[in-house]
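# An overview of the molecular structure
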Amino acid sequence: MGSVSSAMFEGLEHMSESVFMVLSKKVGTSRLVALRRETKDIREMVNRRMTPNDGTIQMLSGSGREGFRLKGSDTDYMHWPNNHRVIMDTSQSKYYNTANTTLILSDSSKSPPGFTLLQLLTPTIYREVGSACHRMNDSVYISSSIYRQLTCSIFLPNSTEHGPCGTAVKGGLEYDSACCFVCDFWPPSASSWIDRCHLWPDPEVVDDIVRNGCHFVAIGHPLGPHENEEWRWSFSQAEYKCVYAMNHCQFLTYGLLKLFLKEVINQQSEETNELLCSYHMKTTIFWAIQQNTLPYWCPQNLLVGFWVCFKLLLQWVYKGVCPNFFVPQNNLFLTKVHGSAQNRLFLQLHELYKKGLACLLKSSSIRFYIIDILYNPRDFICTDESLIMSEVDYDREFFLEINVFDNIIIRDLHSFVKCLCTVEQLLVDSTQLTEYQLFYLQTFTATNLQFTAFILHNMYTNTGVNKQMYIADKMSCHMLKLAAKFGCISDLFYIAMYYYKTLRYREALYVIEMTKVKLAQPYLMYRRRVDRERYTEALGGQSLSKKIREAGTLDIILKNRVCYISELILEQQSACSYVILIPVFVMLRFLEFLCYRQIDTTLSQAALDELQVLVHHDQGRYVDVHHRDISWEILGICHQITGNLQAALYSYQQSLKQYPWNNIQAATHSRIQDITGTAPHD
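Residues numbered from 1 in each chain as written. Predicted model: local features only at pLDDT ≥ 70, side-chain atom pairs only at ≥ 80, totals over all residues. Heavy atoms only, no water.

## Some words on the overall build of the protein
Each helix and strand in the protein was counted, giving 28 helices and 16 strands. Rg of the C-alpha trace for the protein: 28 Å, near the compact-globule value of 26 Å for 682 residues, within the 12% margin. With an accessible surface of roughly 30100 Å², the protein has 51% of that area assigned to carbon and sulfur atoms. (Helix = DSSP H or I, 4+ residues; strand = E, 2+ residues; numbered from the N terminus. Rg over C-alpha atoms; globule rule 2.2 N^0.38 Å. Areas by Shrake-Rupley, 256 points an atom, 1.4 Å probe, with all protein chains shown as cover.)

Written out as structure tokens, the structure is:
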């Protein structure tokens, strides 16, 4: 293999700055990436503290956790039982109470590097774990293949097996869910990684990684002696912490490698387009940074850093060896990049290598910018983040990050108290939390106040004890009003729903009218839509809390464990997921229709007419394509209430034709059957 002459990099600083600017826009500025990470970190922190001992921990991993939001990237989750722990040696059992913790022993003596057998030491109450057990040499082991089959669709219905994960597509996005086990100890086979960390990551990062252990995912080595029983070491938690430890130039170089893989390498040939994956790109830059192959990672050196990584990858393909970053003896190429496939891949990569950095002209994402700088070499390149993204851009991106429902379930008043205690504990030293994390805790508390208000009402309704009902109602109203004080505009709808549920139609309409005024503001922020100039004029420089409270609105989330309004019980019971998401403007017209139905039929019909126009003619401005199923469903419910069965039937049929984001088809079929008296057809 030839070497790259120093002349190749002459004058590349300007071009590197140009690519840095482009990637900062496409991948994210350092502030935007930090915003994404901080939001995910605090969400997970709350989740872990709220999960009971017999519950399941969920962790976002992969590119989503690292701070990427690249189009087409999948979303990776890991799940593990909170009361199961893997130990490396039986002496470590002393750290656990075996009365409430199931212990599993890692036995890697008979497995290839990076893999192990898992021996069940104490009884388990998990049916899936017990069903995956089998005897081998007078000991009980957990079969990875059986466990993978049993858990494939637990968190993602209708998933298919893909490696150690269950994979499903929802809303055009791919989701991977890996059911695994956690270990609180760092594996001895990865001890060499600690010894290599002289310059990167920093000692405190290394200590944090080692202190938090690792995971085991359900897949064996295809060439190992016990493929169906073996489990693979997973360092996903350590990996995202290593990515966090990168400076922004290194992170953008990693992003460039991901784009290069997707837009250039994988477009070379169908025969080789699945031999390399983004994990290989991550491994490449990890090694390049740790081996100090480039002393200065800065915007002017970005393309030099990319070329260093590309050369290392090419060398690995030539040798057929890609060493795992934590367990180098584990060759990530062993079963894929070998033989004739390896030769073809090497030749394709070498052709790109011979082109030099001109090979990046094949990348659709950055080709235009490289050409532009070649034609205009004297143009000033801005790498100042404050000029790349504005205040409103950051607010909008943050609002999108928090517009994701939590899978934390408030079952009763006890779990609500635990929720408040969790937030209180996190706020003890609020100086350790960022502005974004503090606001997340604020919205999290508001959401749970709303949910608990409805739980409280349902607990004391029809008890026959008027005093208890009165007190519960007063508390519920107080919770909902408190949530609305530090939530966003759409939080007012929960007050209106509660008033409607408790037959206070005029009070509900008063709240709805107040909400309509707020939703009509010219600086409203809804999903990605906002009038940037008016938003900045009205709220620029204000606190994040005030901006979201005054201008922000989210879709309405109905958690399926509690009834909000009786007209949607069927849909809540039908949905497979935790929640139903309803566009805020659809909910506005729906509540207007329901309340006016009890007071003024003329105004009720006017609200229905508005809803019909919205659902029939909206082009994605207020009714997102993923929420059109529930929007048509709600329109059908309104028509059915008025007795217009033909219009209701049409709306239900349209609901079935939409993308089934909310999984309400069973409810829709049931409503069609009520109208027609016959079983419906898809």
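## A short note on the packing of helix H15 (residues 391-402) against helix H22 (residues 544-551)
Two elements in contact, H15 and H22, have axes separated by 12 Å at closest approach and are oriented at 70°. With respect to each other, H15 and H22 are oriented roughly perpendicular. The segment H15 lies against H22, with Glu391, Asp395, Phe398 and Phe399 engaging Leu544, Lys547 and Ile548. Here the contact of H15 with H22 is built from residues that sort into four nonpolar, no polar and three charged. (Axes fitted to C-alpha atoms, helices over the stretch in contact; angles between N-to-C directions. Parallel < 35°, antiparallel > 145°, perpendicular 65-115°, else oblique. Contact = heavy atoms within 4.5 Å. Nonpolar A, V, L, I, M, F, W, Y, C, P; charged D, E, K, R; others polar.)

## Topic: unusual backbone geometry
Following Trp200, the chain continues to Pro201 via a peptide bond in cis, the omega torsion being -5°. Mapped onto the fold, Pro201 is located in the loop between helix H6 (191-196) and helix H7 (203-211). Located in the positive-phi region is Asp138, a residue other than glycine, with phi close to 65°. Mapped onto the elements, Asp138 comes out in the loop between strand E6 (133-136) and strand E7 (139-142). The residue Arg527 is not glycine, and still its phi comes out positive at about 55°. Along the chain, Arg527 turns up in the loop between strand E13 (525-526) and helix H21 (532-539). For Arg527, a relative accessible area of 11% translates into the label buried. (Buried < 20%, exposed > 50% of the residue type's maximum accessible area, 1.4 Å probe, protein only.)

## Focus: the confidence of the model for the protein
Mean pLDDT over the protein works out to 91, with 95% of the residues at or above the 70 mark. pLDDT under 50 marks residues 1-10. Its contacts with residues more than four places away, or in other chains, come to 16 contacts. (pLDDT = per-residue confidence, 0-100.)

## Here's the deal with the pattern of salt bridges
Note that side chains of opposite charge can pair when their charged atoms are close. Counting across every chain of the model gives 27 salt bridges. Here Asp41 and Arg65 are joined by a salt bridge, their closest N and O atoms 2.9 Å apart. Of the two residues, Asp41 is situated in helix H2 (residues 30-50) and Arg65 in helix H3 (residues 62-66); the sequence distance between them amounts to 24 residues. The exposure class of Arg65 is buried, given its relative accessible area of 2%. For Glu351, the salt bridge goes to Lys354, with nearest N and O atoms at 2.9 Å. One end of the pair is Glu351 and the other is Lys354, both in helix H12 (residues 339-354) and three residues apart, which spans about a single turn. Owing to a relative accessible area of 54%, Lys354 belongs among the exposed residues under this scheme. Three or more residues joined by partner-sharing salt bridges are found here, namely Asp41, Glu44, Arg48 and Arg65. (Salt bridge = Lys/Arg side-chain N within 4 Å of Asp/Glu carboxyl O.)

## Some words on the side chain of Thr51
On the secondary structure map, Thr51 appears in the loop between H2 and strand E1 (56-61). There is a polar contact of 2.6 Å between the side chain of Thr51 and the backbone oxygen of Asn47. Sequence-distant contacts of Thr51, that is, excluding residues within four places in its chain, are made with Thr56, Ile57, Asn82 and Lys418. (Polar contact = N/O pair within 3.5 Å; in protein donor to acceptor, adjacent residues only side chain to side chain.)

## Focus on helix H8 (residues 236-244)
Of all nine residues in H8, eight are buried; the element is thus mostly enclosed. Among the residues of H8, those classed as buried are Ser236, Gln237, Ala238, Glu239, Tyr240, Lys241, Cys242 and Val243.

## So, the pairing of strand E10 (residues 173-183)
Taken across its 11 residues, E10 has nine buried, putting it largely inside the fold. One ladder, built from five bridges, connects strand E2 (residues 75-81) with E10; its direction is parallel. Across the sheet, residue Tyr77 finds its bridge partner in E10, namely Ser177. With five bridges joining them, strand E9 (residues 165-170) and E10 adopt antiparallel strand pairing. Note that in E10 the partner of Thr167 across the bridge is Asp176. (Pairing = 2+ DSSP bridges.)

## Structural notes on the packing of aromatic side chains
Counting across every chain of the model gives 37 aromatic pairs. Aromatic side chains Phe286 and Phe325 sit 4.9 Å apart centroid to centroid with 40° between the ring planes, which places their arrangement in the tilted category. Taken as a pair, Phe286 in helix H10 (residues 278-290) and Phe325 in the loop between helix H11 (302-319) and H12 lie far apart in primary sequence, 39 residues in all. On the basis of relative accessible area, Phe286 is assigned to the buried category, the value being 2%. Their ring planes at 55° and their centres at 5.7 Å tell us that Tyr500 and Tyr505 sit as a pair that is tilted. Neither residue differs from the other here; Tyr500 and Tyr505 are each classed as buried. Here a set of aromatic residues connected by ring pairs shows up, and it is made of Trp186, Trp193, Trp200, Phe235, Phe286, Trp287, Phe325 and Phe326. (Phe/Tyr/Trp six-rings, centres within 6.5 Å; stacked < 30°, edge-to-face > 60°.)

## A short note on empty space enclosed by the protein
This model, assessed by the stated rule, comprises three cavities of 30 Å³ or more. Quantified by volume, the largest cavity comes out at close to 340 Å³. Lining the largest cavity we find 25 residues, and of these Ile402, Thr443, Thr447, Leu554 and Ile557 sit closest to its centre. Counting only elements with at least two residues in the lining of the largest cavity, the list comes to H15, helix H17 (435-460) and strand E15 (556-559). At eight residues, H17 tops the list of elements feeding residues into the lining of the largest cavity. For the lining of the largest cavity, the residue count by class is 14 nonpolar, six polar and five charged. (1 Å grid on protein atoms, 1.4 Å probe; cavity = no way out; pocket = protein on both sides within 12 Å on 5 of 7 lines; lining within 4 Å. Points joined across faces, edges and corners; volume = space filled by probe spheres on them.)

## Some details on the environment of Cys359
Relative to the helices and strands, Cys359 resides in the loop between H12 and helix H13 (367-375). Note: C-alpha distance between Cys359 and Met479 (120 residues apart in sequence) is 59 Å.

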